[in-house]
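Residue-level structure breakdown
Given next are the chains, with one letter for each unit.
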Amino acid sequence: MISNIGETITLHNGVKMPQLGFGVFKVKNGNETVESVKKAIEVGYRAIDTAAIYENEEGVGQAIRECGVPREELFITSKVWNTEQGYETTLKAFEDSLNRLGLEYLDLYLIHWPGKDKYLETWRALEKLYKDGKVKSIGVSNFHVHHLENLLANSEVKPVVNQIELHPLLTQVEIRDYCAKHEIKVESWSPLGRGNLLEEPTIKHIAKKHGKSSAQVLIRWHLQHDLVVIPKSITPSRIKENAQVFDFSLSLNEMNQIDALNRNERFGSNPDELLF
């Protein structure tokens, strides 16, 4: 695993991606997004994860322009929303995202949810964007094993990433094992369980032992499981704190204690039930 926030992992297509990134889900467009992203970049984050449905791509783009870090040193992810799935509609959605971000290319573009029956057509559009050089890597989000099996059997380009809800209450071992077998990196969204794990007694006990916050312990747990992780905060002190996870490590026993919290409990939708 990485030893500092500036380090990257290498995806199966050779592209380097920061393992610890910054998410902007539910961050309000405008000043809130601009300032939180600029703060994240200031403290060392180089990966920013947004999506069309977050409605804050403009703010992310403004922060990129104002942050003082060259574009090529940043790793920017966005996602095609459910209502835009399909071949031509996805190509247009991608261009719309680029325009809102004010960028010439994306580092990673994801299908946000598999839905029912359009994701193969949508994937063909992502393959075209990848082959045309408009995006450096393509991937998926919220795909179960059966979605991935179908995609791999009907595609030319293999996804580099599967971004899924993942935290100690929902450890997703089956999907993680499948992705590892196929060289697909797993990226955790809602890595803190939407805040529900911050007061969990086991997490708090381990955090106290290390002189760390619960959030820091949770982020470290993801990193030690070789997961890409994108915590979110709009509070400057927490943005900084969430990046300070490289001066301690969790023991095997502590990792096992946290793993044992799994209850297969979701705070977001089940991809098999969010059909469109």
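Please refer to the structure higher up on the page.
Just so it is clear, the structure is predicted and the values come from calculations on it, not from any experiment.

1. A word on the environment of P191
With respect to the secondary-structure elements, P191 resides in the loop between β9 (185-189) and α7 (201-210). With a relative accessible area of 4%, P191 lands in the buried category. With 27 residues separating them in the primary sequence, P191 and I164 have C-alpha atoms 9.6 Å apart. Look past the residues within four positions of P191 in its chain and what remains in contact with it is L166, H167, P168, L218, H222, V229, I230 and P231.

2. Points about the pairing of strand β6 (residues 108-111)
Here β6 shows a buried face lined by L108 and L110 and a second buried face lined by Y109 and I111. Relative to β6, strand β5 (residues 75-80) runs parallel, the two sharing four bridges. Counterpart to K79 in the pairing with β6 is L110. Handedness of the β5-helix α3 (residues 87-101)-β6 crossover: right-handed. At this point the chain moves from β6, through helix α4 (residues 119-131), to the parallel strand β7 (residues 138-141), and the crossover so formed is right-handed.

3. Considerations on helix α8 (residues 214-224)
Of all the eleven residues making up α8, ten are buried; the element is thus mostly covered by neighbouring parts of the structure. Summarising the contacts, the buried residues of α8 are in contact with β9, α7, β10 (228-229), α9 (236-243) and α10 (252-259). Just past α8, the residue D226 takes up positive phi, approximately 65 degrees.

4. Brief notes about the layout of surface pockets
Looking at the largest pocket, its volume works out to about 750 Å³. Considering the residues around the largest pocket, the lining is formed by 34 residues, among which F25, S190, P191, R194 and K232 are closest to the centre. Every element with two or more residues in the lining of the largest pocket is listed here: α8 and α9. Considering every element that reaches the lining of the largest pocket, the biggest residue donor is α9, with three residues.

Conventions used here
- Residues numbered from 1 in each chain as written.
- Predicted model: local features only at pLDDT ≥ 70, side-chain atom pairs only at ≥ 80, totals over all residues.
- Heavy atoms only, no water.
- Helix = DSSP H or I, 4+ residues; strand = E, 2+ residues; numbered from the N terminus.
- Buried < 20%, exposed > 50% of the residue type's maximum accessible area, 1.4 Å probe, protein only.
- Contact = heavy atoms within 4.5 Å.
- Pairing = 2+ DSSP bridges.
- Right-handed = clockwise from strand over helix to strand, strands pointing away.
- 1 Å grid on protein atoms, 1.4 Å probe; cavity = no way out; pocket = protein on both sides within 12 Å on 5 of 7 lines; lining within 4 Å.
- Points joined across faces, edges and corners; volume = space filled by probe spheres on them.

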